Amino acid sequence: MSRRYDSRTTIFSPEGRLYQVEYAMEAIGNAGSAIGILAKDGVVLVGEKKVISKLLETSTSVEKMYKIDDHVACAVAGIMSDANILINTARLQAQRYTFAYQEPMPLEQLVQSLCDTKQGYTQYGGLRPFGVSFLFAGWDKNYGFQLYMSDPSGNFSGWKAAAIGANNQAAQSILKQDYKDDITREEAAQLAIKVLSKTMDSTSLNSEKLELAEIFLADGTVRFQMCPSDKLNKMLVKSGLTQPSADAQ
Amino acid sequence: MSRRYDSRTTIFSPEGRLYQVEYAMEAIGNAGSAIGILAKDGVVLVGEKKVISKLLETSTSVEKMYKIDDHVACAVAGIMSDANILINTARLQAQRYTFAYQEPMPLEQLVQSLCDTKQGYTQYGGLRPFGVSFLFAGWDKNYGFQLYMSDPSGNFSGWKAAAIGANNQAAQSILKQDYKDDITREEAAQLAIKVLSKTMDSTSLNSEKLELAEIFLADGTVRFQMCPSDKLNKMLVKSGLTQPSADAQ
Amino acid sequence: MSRRYDSRTTIFSPEGRLYQVEYAMEAIGNAGSAIGILAKDGVVLVGEKKVISKLLETSTSVEKMYKIDDHVACAVAGIMSDANILINTARLQAQRYTFAYQEPMPLEQLVQSLCDTKQGYTQYGGLRPFGVSFLFAGWDKNYGFQLYMSDPSGNFSGWKAAAIGANNQAAQSILKQDYKDDITREEAAQLAIKVLSKTMDSTSLNSEKLELAEIFLADGTVRFQMCPSDKLNKMLVKSGLTQPSADAQ
Amino acid sequence: MSRRYDSRTTIFSPEGRLYQVEYAMEAIGNAGSAIGILAKDGVVLVGEKKVISKLLETSTSVEKMYKIDDHVACAVAGIMSDANILINTARLQAQRYTFAYQEPMPLEQLVQSLCDTKQGYTQYGGLRPFGVSFLFAGWDKNYGFQLYMSDPSGNFSGWKAAAIGANNQAAQSILKQDYKDDITREEAAQLAIKVLSKTMDSTSLNSEKLELAEIFLADGTVRFQMCPSDKLNKMLVKSGLTQPSADAQ
Amino acid sequence: MSRRYDSRTTIFSPEGRLYQVEYAMEAIGNAGSAIGILAKDGVVLVGEKKVISKLLETSTSVEKMYKIDDHVACAVAGIMSDANILINTARLQAQRYTFAYQEPMPLEQLVQSLCDTKQGYTQYGGLRPFGVSFLFAGWDKNYGFQLYMSDPSGNFSGWKAAAIGANNQAAQSILKQDYKDDITREEAAQLAIKVLSKTMDSTSLNSEKLELAEIFLADGTVRFQMCPSDKLNKMLVKSGLTQPSADAQ
Amino acid sequence: MSRRYDSRTTIFSPEGRLYQVEYAMEAIGNAGSAIGILAKDGVVLVGEKKVISKLLETSTSVEKMYKIDDHVACAVAGIMSDANILINTARLQAQRYTFAYQEPMPLEQLVQSLCDTKQGYTQYGGLRPFGVSFLFAGWDKNYGFQLYMSDPSGNFSGWKAAAIGANNQAAQSILKQDYKDDITREEAAQLAIKVLSKTMDSTSLNSEKLELAEIFLADGTVRFQMCPSDKLNKMLVKSGLTQPSADAQ
Amino acid sequence: MSRRYDSRTTIFSPEGRLYQVEYAMEAIGNAGSAIGILAKDGVVLVGEKKVISKLLETSTSVEKMYKIDDHVACAVAGIMSDANILINTARLQAQRYTFAYQEPMPLEQLVQSLCDTKQGYTQYGGLRPFGVSFLFAGWDKNYGFQLYMSDPSGNFSGWKAAAIGANNQAAQSILKQDYKDDITREEAAQLAIKVLSKTMDSTSLNSEKLELAEIFLADGTVRFQMCPSDKLNKMLVKSGLTQPSADAQ
């Protein structure tokens, strides 16, 4: 019955639903998941890499994490080519703001501007929604460290800990249980890895299947840092999730 | 039979109905409700928060209330990303008016301008209506305190007390019974909370499920003020709707 | 059989009908009716208010009557948000004419310009007709007092007495019987109220369900005046349509 | 079978027909008819008024006849709001020509320019044809008095006598029988009235159901003149079509 | 089966056909035919008039022949209002060429430019092909007298003798039999009339059903000349196709 | 099953096919064929004329061969009006290049630019592909004599010998057998005629059914030359494909 | 069931899939495959030629390899005319970058910019995706030698060894087995040829069915070099894939 309302972006179904937006979320539900946790001294983003091949060039192929400006980064779940378009837009807007006002763009303003773009693709004819969810992590002088989640509808909100992509419901409920308000950045990273290991489809977790990024303050400036492979391995060993590899020995 | 006329925005059904507009209202009927009451010394807006999670960052995530200009605020029910677009538009128009005429934009003019935008999305092809209803509360020098309600069709009117979102019919009829013309701001807040508690789907009400905002005059200037969590708790206790929490004790 | 031709604005049915225009008229047939009567010393417009609630703010919510320029006003039946768009257009055109030619815009020219806009929405693709009928009442130096009626097709004509909205057929036939050419403004108001009382769906008429406006000359200038509630009550009492209320006693 | 080709303006049916144009003509077939006759000393246009009500304001509501320029007028059958758009266009073009070349626009050029506009609405997508036929009557220095007929397809041709609207086939065949080449303007008016009386749906004809206009030369300039009601009555009496009214006696 | 491909201009059927173009040719197959013959001293165009009525104004209503420039004329079969648009375009292009290069536009260039316009209406969406075929007759200094035929697809080619409109196949085959290379203009006219008389639907031919135009050189300049009615009658009598009329005697 | 994907240009079928492009090729498969052969001292193009009538004006109607610039010509198979548009474009581009760089446009660049235009008509909505294939023959200073073939998809490649239009498969396989790398222009012409005679639908070949063009160098400049009728006859006689005609004796 | 969502580019299916993009990949699956291998001293691209005919002009018809800038080349699988458009775009962007910044465009930036273009064709109405996959090989000063693969969705990533086109899955798994990190350019070429020979549909491989290109550094500048036919033969002989040909002996 509901079939009649799901083939065009710009119409409501009789129950007031926008099916194309829901289908776009379905596309994200199959993508590698990502988890963000707000700590008292920074923000941690962890992402699961779905395409794993020893032929993949890791130095140039970052799958899940993107730096948007010096003070903002994001983790992505969904269609990568859709994400690229939006990330470019975000980078441009952040630069324009800095150029115009000579200070970093406030985080929420950046997120909302991107979400307004997303919303347009759910309301105008001849377009499909962007099939991508984001976790935005950053710091600004008004609200300090922040973590935002946005979905294909253009909705967004601020979170202390959030998960997107495959099994995000399960991840979210583990987070709800284990998250503490005064968590440190290191604890947050351990927690994120633990949640990911419990919700991933594959059984064993290793540093090749993971990307971990941290936003923190160092010498008064914001830093975005991808966690290197060996440090990641140590964390996995420490978590008891993986055996120390031969290389690391 | 009527099915043939509900999949395109811009057509009338044989009975003269615009189904897409009605479906958009359906979308709002599932959203958290909001109640506005016009008191003799101000306007009170109360909103029910639907997404409640201890992981949600409350400081940056205001769900239901938006300040549009120094003298106008609104409560929202429906699709948040649609609301964001319209609120941005409203803020811009208010600023432009102030810039051009060096005085705050009259409230009704602001509301109508926004509703004209909404109407366009019900008449032109390739668009869907905005799935959002508003309660606008504000003060201007011509008509003093005012409360307006607008729906997805672009209709609007001035009210003494009004409700949007889930169970708005029930809320409206309680308001009709209990509203008095010379109500004070404090009584209005108590009444709004009472109405919300009676019409909400969940049984118990606490300050985390509520947002309360007030528009009033202080020292001759208009003030928009979100009610802080502890004051909200006191009001709930006073209303007998909740037990004094351990924190408050 | 005719179903195939009613889902798109811009096509004729085999019998040469434009179904979308007819459906738009259907939308108006459910709206509160309005009656206009041309008297020898003015024009009277009476409208039935459909949404009646003691919570409605009457001071800012005029439902049926709109002043377009100093010398023109209109009564409306149909979709209010559609009407707002057209009334704004009309006001702008009247102001532009005055600015360009330094005299009030002739009434028929104003009406036709608005109707041309309406016509376009019945001929171009991707649009629906405006779901609103108007009674325009005004005075200009060429033709004195005038009354025009327009419908969603963009047709219009001058009338001595006319009715739009719910039960307009019945109202029109009573008007045909009772209208006299040398009717005074006061008699016209009484006649309009009488017609409304006989054609309204509800049984009892009171001043809250009515709006009455008059266009007349005073001191050589045109005046548009909404009839205040108490005067309206007296007229209803005088007509024997309502009992003198306790307030009035 | 032919149904598949009648719901879009811009396509041919397998037999090479444009159904939407034919349906538009159908719309005209239901409209009040008009008759034009070219006499040796002028042109006569007669139109049947369909909407007759004593409440109709006759001074401002001319239903069938429109003056386009000093030397051209037209009679209309079909959708009035469509006609208004085209008549405005024609007036503007005539004025522009006069402004550019300092002489009246040649009649055929004016008619063709209007018909080219009509043609476009039968060839481009997202439009419907104009549902209106015209009889253009006028005089220019090249061809003297002329009478043109145009239909929704944009076709036009010059005629000595022509009929549009309801029962135009019957009217045309009476005209063919009774028209003489050296007819005078007065005889033409009598003939036109006679044809109308024989083809009208109602049985009795009176001056309220008729509009008669004449184009003729007076003192070397072209005149367009609507026949006043009393003169019309005399003509009807003279034709034996109506009894002398009490007023006229 | 082929039905699926015939309702939109811009698609090929599986056999590589453009149905809308073929349907447009169907529209022309019902129109009055026209015949063109290239003689050694000129070109002759003959057209059959379909609408014959003594009420038709012959002086201003040329049905089949149009002069495009001093050196080019055309005969038309199909939808007249479509033809008008193209003829206007052709006239404008010829004038622009003359203005730019100070010499008459070469005939083939003029024809091709018009056919390119026609082609566009068979390739772009939301348009229908022009339902009209042309015979272009003219003279230029490069190729002398020329005769071109074009159809709704935008195809064209040069011919010695050609027929368009109703029964053009039959006409073409008679022409093939009787055409001689060194035909004179007078013989060509006789031949064209003979062909027309044999292929027309009506049995008897007279000068009212015919239009005959000639392009020839006189005093070194190209002349386009419509054959007057009496000369036409003489030719018909001479051809034995009609009895000498009483007038001519 | 595949039917669902063949009515719109811009979609892929589940097997990754573009049906409209394939249907356009079907249209070409019915058109008169053309053959091109690259010889060591030039390029030969031969085309079969489909429309043969003694009434056709041969001097102005070249059916298959078009000169694009001094150094490029093409043979065409498919819809002539589509070809005209593309040939005009090609001529214009060649002229623009010469104007800008003061040297002839390189052949491959010219061909690719045209094919890019063709490609666009297979990817954008509301358009159909061009129903025409080309053989481009020419010479430039970089690659000497060249022969390119392009089809409706916009694909093109360089060939030593190629065939388009009806029976091009058969023609191509004969060419593959008989082509030698050091073929002379004369041998190439003989070969092309032989191939055409074997693949044509009609049994007997004569000079009226053929067009033959040659591109060669003479005195250091490129020449494009249509083979005159008598020389063509001699070649046919020499090939034993036709009897010496009476004229030639 | 899924059929309803596959005929329009811009919609998601209920499972969140974009069928048109998947169908475009199907189109590529039938095309000649290409393989790219990143060596420590360069990049090797090998492509299988599908259209093999001794009539094909090899000097001007490069089927699989395109040089984009001095430091970038690409191998192509899919619809050639689609590829041409994108390659032109890439060349232009590379030139513009060089002009603006006076240094070669970074490789990843060039690839992403092209992929953003591709993405747009999967999101906007009235378009189909580009039916082409690319292997980009190049060198820049930031990351040295790089190899990227992109598909019709606009996704791309960096690879050490990758395959596109027919049987790319099989090719990819052989590559995974045999690729070593410190492979030399020569070994890479041998490996690529071996993979191709194992995955090609035809049984025997020779130099006519292959194209091999290398990117390497010589004298400090990047070189793009097509492998000549004789060298290719030697490699094939050396690989034992083909017998030494008579020519080579």
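- As recorded by an unreviewed UniProt entry, chain A carries the name Proteasome subunit alpha type and is attributed to Salvia divinorum.
- One UniProt comment on chain A, placed under Subunit (unreviewed entry), says "The 20S proteasome core is composed of 28 subunits that are arranged in four stacked rings, resulting in a barrel-shaped structure. The two end rings are each formed by seven alpha subunits, and the two central rings are each formed by seven beta subunits."
- Recorded in UniProt for chain A, the comment headed Function (unreviewed entry) runs: "The proteasome is a multicatalytic proteinase complex which is characterized by its ability to cleave peptides with Arg, Phe, Tyr, Leu, and Glu adjacent to the leaving group at neutral or slightly basic pH. The proteasome has an ATP-dependent proteolytic activity."

1. Some thoughts on the packing of aromatic side chains
So, step 1. Inspection of the entire model under this criterion finds 42 aromatic pairs over all chains.
So, step 2. Aromatic side chains tyrosine 124 of chain E and tyrosine 121 of chain F sit 6.0 Å apart centroid to centroid with 65° between the ring planes, which places their arrangement in the edge-to-face category. Separated into two different chains, tyrosine 124 of chain E in the loop between helix H3 (107-120) and strand S5 (132-140) and tyrosine 121 of chain F in helix H3 (residues 107-123) make up a pair that spans both.
So, step 3. Judged by its relative accessible area of 33%, tyrosine 124 of chain E is partly exposed.
So, step 4. For tyrosine 121 of chain F, a relative accessible area of 12% corresponds to the buried category.
So, step 5. Put simply, the rings of Tyr121 and Phe130 of chain A together with Tyr124 of chain G touch in pairs and so form one group of aromatic residues.

2. Focus on the sheet that holds strand S4 (residues 72-78) of chain C
All names here are of chain C.
So, step 1. Strand order in the open sheet formed by five strands is S3-S4-S5-S6-S7, with antiparallel pairing between adjacent strands. What marks the edges here is a single partner per strand, and that holds for strand S3 (65-69) and strand S7 (156-158). Adjacent strand axes in the sheet meet at a mean angle of 25°, parallel and antiparallel pairs treated alike.
So, step 2. Note that strand S6 (residues 144-150) and S7 share three bridges and pair antiparallel.

3. Description of the packing of helix H3 (residues 107-123) of chain A against helix H2 (residues 80-101) of chain B
So, step 1. Where H3 of chain A contacts H2 of chain B, the axes come no closer than 9 Å and their chain directions differ by 110°. Comparing their axes, H2 of chain B and H3 of chain A come out roughly perpendicular. Our pair here, H3 of chain A against H2 of chain B, has a crossing hand that is left-handed. Contacts between H3 of chain A and H2 of chain B involve Gln112, Asp116 and Gln119 of chain A from the former and Ser81, Asp82, Asn84, Ile85 and Asn88 of chain B from the latter.
So, step 2. Of the residues contributing to the contact of H3 of chain A with H2 of chain B, the split by class is one nonpolar, five polar and two charged.

4. What about the UniProt feature "domain: Proteasome alpha-type subunits" (unreviewed entry) in chain A?
So, step 1. In this numbering, the UniProt entry assigns the feature "domain: Proteasome alpha-type subunits" (unreviewed entry) to residues 5-27 of chain A.
So, step 2. The span residues 5-27 of chain A is 39% helix and 0% strand, and its two end C-alpha atoms sit 18 Å from each other.

The rules behind each value
- Residues numbered from 1 in each chain as written.
- Chains lettered and ligands numbered in written order.
- Predicted model: local features only at pLDDT ≥ 70, side-chain atom pairs only at ≥ 80, totals over all residues.
- Heavy atoms only, no water.
- UniProt positions renumbered as here; feature names shortened; annotations may be inferred.
- Phe/Tyr/Trp six-rings, centres within 6.5 Å; stacked < 30°, edge-to-face > 60°.
- Helix = DSSP H or I, 4+ residues; strand = E, 2+ residues; numbered from the N terminus.
- Buried < 20%, exposed > 50% of the residue type's maximum accessible area, 1.4 Å probe, protein only.
- Pairing = 2+ DSSP bridges.
- Axes fitted to C-alpha atoms, helices over the stretch in contact; angles between N-to-C directions.
- Parallel < 35°, antiparallel > 145°, perpendicular 65-115°, else oblique.
- Left-handed = near helix turned anticlockwise from the far one by under 90°.
- Contact = heavy atoms within 4.5 Å.
- Nonpolar A, V, L, I, M, F, W, Y, C, P; charged D, E, K, R; others polar.

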